[in-house]
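# Overview (structure and organization)
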Amino acid sequence: MSDDELLLRVEGLEKEYTTTEGVLDRLLGNGTRVTAVDGVDLEIYEGETLGLVGESGCGKTSLARSILRLTEPTAGSAVYRDTDLTTLEGSALRELRADVQYVFQNPFESLNPRLTVGDIVGEALSVHDVVPPDERDRRVGELLETVGLRASHATRYPHEFSGGQRQRIGIARALAVEPEFVVLDEPVSALDVSVQAGILNLLEELQTEFGLSYLFIGHDLSVVEHVADRIAVMYLGEIVDRGPTEELFDGDAHPYTEALLSAIPEPDPLWEGDRIVLEGSVPSPADPPSGCRFHTRCPKLLSPAEYDLEPTTVRALLELRTGLAEADGLESLPVDPDPDPEADDVQAALRDAFDVPADLGDDAAEAVLETALETAAAGDVETARARLESAFTTPCETDRPRLEPVDSGAGGPDTHAVACHRFDDAGTETDERPDRAETTPTQQ
Amino acid sequence: MALLEVEDLVVQFYTEDGTVRAVDGISYEIDRGETVALVGESGAGKSVTCLSLLRLLERPGEIVSGEIRFDGRDVLGLSDEELRDLRGNEIAMVFQDPSAALNPVYTVGEQIAEAIRAHEDVTDETARRRAIDLLERVEIPDAASRYSEYPHEFSGGMQQRVVIAMALSCEPDLLVCDEPTTALDVTIEAGILELLEDLAAEFDTAIQLVSHDLGVVAGLCDRVQVMYAGEIVERAPTEELYYDPKHPYTVGLMASIPRIGDDRDELPTIPGSMPDLVDVPTGCRFHPRCPYAEEACRLRAPSLVDVETGVPADEPAPNDHLAACHEYTDDLVDGLDYEVVVEDGGGLE
């Protein structure tokens, strides 16, 4: 649907929240800084729908709100046509809001209960002076009819409507100012499937009729797949995968995208796909993992360059190292606390506890592991850990992958870009992206 | 005898606008170890049915008539003492929002141990050990140390695991799960669903699952009952319901889900919305929204009949396929006209 005309270009957008409370904390520099959106690049083309997906807390809403300046971004730019939204002030910003609009997730909270529907929709008309005051009522009626309600509904209050109808009112309010670009933040998440279908159809019709562009935020991938021309997948504040919908669903994709896709409950009792269940939960954005942020949960970790190991083995070795690092000594490890253990048993028990296979399938790696386990069994846990670390550090842990096109052929909106070392040519990333601490401080 | 038998249950809410019949004469049964789903739009009466099973309804709600028998005992006639014994011990419940189901000022371990102590005469130490075992059973890593953490230190998915552990603490025969994964991300949901499936098999626990997500139901349940405006309008084994739905409402519901890999531009919708339960439509409650509605539908309410024979089933077997539509008693002039297309290769792999 997209005709390649760039509408919005987001570059290096960052949004940082601080957990400081009060002036004193701020002066003393207490509190944690949480980077909810961390250097996101994104393009939206005219007439297209870009789907933005990811787990809760990954920064989807923060990103959308930062673009529209509903919250202030910490750094980066969002250029809409020729205007940088991040630098707009006062009336210029207000004027721009006639072009870009936002539909909120919860239709029960985003409508003022004390205003009639006519006032809710009409307010946008009067703020932006879209139509002369004496034509406002007529225009409100038209808008309500456009979204599938009746003009007579204008005199009613929000509580008189069902969830689906309220979402239609929210959409009518967004349409009132005749925008070009609408952010839809989980517009159907709170609705029943039968009602959801109606809203999705309406959005599609409006897009065709008015040539709208959408940024559609959702966590239900089957819905996003249905509406989006392109999809961007977010994880811990970063875009990790971005491309045309079909390519993400059918082609090679980021391991996180694959996991998300496989987790969709398929409405088919005979469906027998392999569900990829991710280990652990999303790490705290206050302290994101080093290297690739997904490496703590990724089922497809890369083998260290020197060896040839299965992803599951790499994962097990990583867990073993974490276990050793957290242990105060051999006693606190999940092995048999027998006071006089056979050294071999301890080694086997350690392998067992962290699911390390009995044979790594690589002789050189096996030799290193055995020496390390012997050291650990002898009681020197820290040396064992250090030895494992120097031998088995995967590139996923150390190097931050960049969002790069997987095929050089297509350009523009059809480019499929993935931030994963599996898609690096050499398998390892040499020119490392600078760590956050080294970058210049952002303006406040 | 089935584990749970619900007969002609009627639940009303007395509101300013009038009397709302949230559940209107539903009957069903669940056998031991069976997983049965209740699906339908919000307001269909699914959650009210669940709460009724445990007599957890609060004013202005009231069970007006009908019977609920659990293991042969009349639940509605139990004394407070007996009811306490039933709850948790024999029927346990998992709610939609785990953060609301857990007490924020007690550690998660204590809350589970408390449930065990309330039902069994055990020492504090035994209760503690069993609570840790349960936390391990629901795959919470490092259970012994997380025993003494508070609910806010757990993520949503982990909280729901704690709630499941608590529900299983007394090895109930029936687990009532009201939208157990609705508040969770898909990746977390997948894990919880697998856990429920494993546990149900291991403890031979029957599950009554309430969900609006037909994908979740397809993966977990043996049988499905579709509710509409307080009534059960169709019941069938899961496969039959998905591949051969008989009630027009079920058909509409199935058609309206966006599926991965389909390229329909427009999703079929069910026009209109759920009727106001203060003043339900005459005849078939679905007729104002039904594309096949005829004069008969407006005049007479259809009964839940076997779709093959057209005879109402007094004691339906688990595999019976029943639907409440005049089509199956040959009362429709034009009949139903739809086609179910099962596409190969829809979805992944």
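Residues numbered from 1 in each chain as written. Chains lettered and ligands numbered in written order. Predicted model: local features only at pLDDT ≥ 70, side-chain atom pairs only at ≥ 80, totals over all residues. Heavy atoms only, no water.

### Considerations on the packing of helix H11 (residues 311-326) of chain A against helix H14 (residues 381-392) of chain A
All names here are of chain A.
- Two elements in contact, H11 and H14, have axes separated by 9 Å at closest approach and are oriented at 150°. By the angle class used here, H11 and H14 are roughly antiparallel. The handedness of the crossing between H11 and H14 comes out as left-handed. Contacts between H11 and H14 pair Leu317, Leu320, Arg321, Leu324 and Ala325 from the former with Val381, Ala384, Arg385, Leu388, Glu389 and Phe392 from the latter.
- Of the residues that constitute the contact of H11 with H14, the class distribution is eight nonpolar, no polar and three charged. (Axes fitted to C-alpha atoms, helices over the stretch in contact; angles between N-to-C directions. Helix = DSSP H or I, 4+ residues; strand = E, 2+ residues; numbered from the N terminus. Parallel < 35°, antiparallel > 145°, perpendicular 65-115°, else oblique. Left-handed = near helix turned anticlockwise from the far one by under 90°. Contact = heavy atoms within 4.5 Å. Nonpolar A, V, L, I, M, F, W, Y, C, P; charged D, E, K, R; others polar.)

### Remarks on the domain arrangement of chain B
Residue and element names in this part refer to chain B.
- Taken domain by domain, chain B comprises domain 1 (4-221) and domain 2 (247-328).
- Each of domain 1 and domain 2 has a C-alpha centre, and these two points are 28 Å apart.
- Taken together, the contact between domain 1 and domain 2 spans 16 residues of the former and 11 residues of the latter.
- The junction of domain 1 with domain 2 conceals about 1,100 Å² of combined surface from both sides, 59% of it contributed by carbon and sulfur atoms.
- The largest contributions to the domain 1 side of the interface with domain 2 come from Glu29, Glu41 and Leu214, which together make up 43% of the buried area.
- The interface formed by domain 1 and domain 2 contains two salt bridges.
- Across the pair Arg289 and Glu41 runs a salt bridge, and its minimum N-O distance is 3.3 Å.
- The tally of links from domain 1 across to domain 2 stands at three residue pairs in polar contact (both at pLDDT 80 or more).
- In terms of residues, the side of domain 1 that touches domain 2 owes the most to one element, strand S2 (residues 18-30), which gives seven residues.
- Each residue belonging to the side of domain 1 that touches domain 2 can be placed in one class, and the counts come to four nonpolar, five polar and seven charged. (Domains from an automatic or database assignment. Buried area = accessible area lost by both parts, 1.4 Å probe. Salt bridge = Lys/Arg side-chain N within 4 Å of Asp/Glu carboxyl O. Polar contact = N/O pair within 3.5 Å; in protein donor to acceptor, adjacent residues only side chain to side chain.)

### Re the pattern of salt bridges
- Under the criterion given, the structure shown has 44 salt bridges over all chains.
- A salt bridge links Glu72(A) to Arg69(A); the shortest N-O distance between them is 3.0 Å.
- Arg285(B) is paired through a salt bridge with Glu231(B); the nearest N and O atoms lie 3.7 Å apart. Residue Arg285(B) is located in the loop between helix H11 (248-255) and helix H12 (295-299), and its partner Glu231(B) is located in strand S10 (residues 231-237); the two are separated by 54 residues in the primary sequence.
- For Arg285(B), a relative accessible area of 11% translates into the label buried.
- Look at the salt bridges and you will find they share partners, linking Glu135(A), Arg138(A), Arg139(A), Glu142(A) and Glu178(A) into a network. (Buried < 20%, exposed > 50% of the residue type's maximum accessible area, 1.4 Å probe, protein only.)

### Observations concerning the packing of aromatic side chains
- The final tally for this structure, using the stated rule, is nine aromatic pairs over all chains.
- Arranged with centres 5.2 Å apart and planes meeting at 80°, the rings of Tyr228(B) and Phe286(B) form a pair that is edge-to-face. Placement of Tyr228(B) in strand S9 (residues 223-228) and of Phe286(B) in the loop between H11 and H12 is noted, with a sequence separation of 58 residues between them.
- Given the relative accessible area of 3%, Phe286(B) is considered buried.
- Pairing Tyr292(B) with Tyr338(B) gives two aromatic rings, centres 6.1 Å apart and planes at 45°, and the pair type is tilted. Pair noted here: Tyr292(B) is in the loop between H11 and H12 and Tyr338(B) is in the segment after strand S12 (322-323), with a separation of 46 residues, a long-range link.
- Overall, Tyr292(B) belongs to the buried group, its relative accessible area being 18%.
- Looking at Tyr338(B), the relative accessible area reads 25%, which means it is partly exposed.
- Through a chain of ring-to-ring contacts, three or more aromatic side chains come together here, namely Tyr235(A), Tyr256(A) and Phe294(A).
- Between Arg128(B) and the ring centre of Tyr147(B), over which it is positioned, the NZ or CZ distance is 4.6 Å.
- In this arrangement the basic side chain of Arg146(B) is found over the ring face of Phe154(B), its NZ or CZ atom lying 4.2 Å from the centre. (Phe/Tyr/Trp six-rings, centres within 6.5 Å; stacked < 30°, edge-to-face > 60°. Lys NZ or Arg CZ within 6 Å of the ring centre and 35° of its normal.)

### A closer look at H11(A)
Residue and element names in this part refer to chain A.
- In this model H11 runs 23 Å from its N-terminal to its C-terminal C-alpha over 16 residues, within 8% of the 22 Å that 1.5 Å per residue would give.
- When H11 is considered as a whole, its buried residues turn out to be Thr313, Val314, Arg315, Ala316, Leu317, Leu318, Leu320, Arg321, Gly323 and Leu324.
- Of the surrounding secondary structure, the elements contacted by the buried residues of H11 are helix H13 (363-377), H14 and helix H15 (395-398). (Expected span 1.5 Å × (residues − 1).)

### Here's the deal with the interface of chain B and chain A
- Contacts between the two partners involve 41 residues from chain B and, on the opposite side, 36 residues from chain A.
- Carbon and sulfur atoms make up 60% of the area that chain B and chain A hide from each other, which totals about 3,400 Å².
- One can count zero salt bridges joining chain B with chain A.
- Along the contact surface separating chain B from chain A lie seven residue pairs in polar contact (both at pLDDT 80 or more).

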